[in-house]
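Read off the chains here:
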Amino acid sequence: MTDMTEGASTGPDTEKTLPESSARKGTRRGGGDPATRGRTTIADGVVEKIAALAARDVVGVHAMGSGASRTFGAVRDRVPGSKSVTRGIKAEVGEVQTALDLEIVVDYGVPIADVARDVRENVIAAVERMTGLEVVEVNIAVSDVKLPDEEDEEPESRLQ
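Residues numbered from 1 in each chain as written. Predicted model: local features only at pLDDT ≥ 70, side-chain atom pairs only at ≥ 80, totals over all residues. Heavy atoms only, no water.

1. Looking at the pattern of salt bridges
- Scanning the entire structure with this criterion turns up two salt bridges.
- Close ionic contact of D118 with R117 constitutes a salt bridge, the shortest N to O distance being 3.3 Å.
- Of the residues examined, D118 reaches a relative accessible area of 29% and is grouped as partly exposed.
- Using a relative accessible area of 41% as the deciding quantity, one classes R117 as partly exposed.
- A network of salt bridges, in which partner residues are shared, links D114, R117 and D118. (Salt bridge = Lys/Arg side-chain N within 4 Å of Asp/Glu carboxyl O. Buried < 20%, exposed > 50% of the residue type's maximum accessible area, 1.4 Å probe, protein only.)

Written as structure tokens, this is what we have:
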């Protein structure tokens, strides 16, 4: 075994110690900033989950996704362990940037332009804060309006 510590004592009853000058200066082995020693990759699904949760936090957003995707999602959600948080979200993630497409359903009576602006701001802030990626665009498609007297589109369960 090779001792790579300068000034270390390797006798049977002694501990390895750094020279005092190195210990005081906080010198690290390997040199350089630890943050530059490797790569971090972020999957599209991670960005999609962050964006979905941020979008749902906005007042006036009733649901995510189109009617068909919500219907299939409701069926999928009944299967344990298969809940799809990212319904209605598509992310393209590069090394330093990301772009997002969101499909939302808004509540009746809310100004759609205001809801879209708030969703865009919330999603950009959350994704940039949590991932460090630059969000270059957030495209929002409003696919439906939830009327007050409408029931949510969930298929009836075959089980009682």
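2. Remarks on helix α4 (residues 112-131)
- Over its 20 residues, α4 extends 28 Å from the first C-alpha to the last, a length consistent with the 28 Å expected when each residue adds 1.5 Å.
- Buried residues of α4: V115, A116, V119, V123, A126, V127 and T131, and no others. Taken down its axis, α4 places every buried residue within 110° of arc, on the same side. When the buried face of α4 is taken as reference, the exposed residues oriented beyond 90 degrees from it are A113 and R129.
- Buried residues along α4 sit against α2 (44-56), β1 (61-64), β3 (97-107) and β4 (134-146). (Helix = DSSP H or I, 4+ residues; strand = E, 2+ residues; numbered from the N terminus. Expected span 1.5 Å × (residues − 1). Arc of directions from axis to C-beta. Contact = heavy atoms within 4.5 Å.)

3. Section: the packing of α2 against α4
- In contact at an axis separation of 8 Å, α2 and α4 are set at 140° when each is read in the N-to-C sense. Classed by the angle they form, the pair α2 and α4 counts as oblique. The hand of the α2/α4 crossing is right-handed. Each of V47, I50, A51, A54 and A55 in α2 lies in contact with α4, whose residues at this interface are V119, N122, V123, A126, V127, M130 and T131.
- Here the residues of the contact of α2 with α4 sort into 10 nonpolar, two polar and no charged. (Axes fitted to C-alpha atoms, helices over the stretch in contact; angles between N-to-C directions. Parallel < 35°, antiparallel > 145°, perpendicular 65-115°, else oblique. Left-handed = near helix turned anticlockwise from the far one by under 90°. Nonpolar A, V, L, I, M, F, W, Y, C, P; charged D, E, K, R; others polar.)

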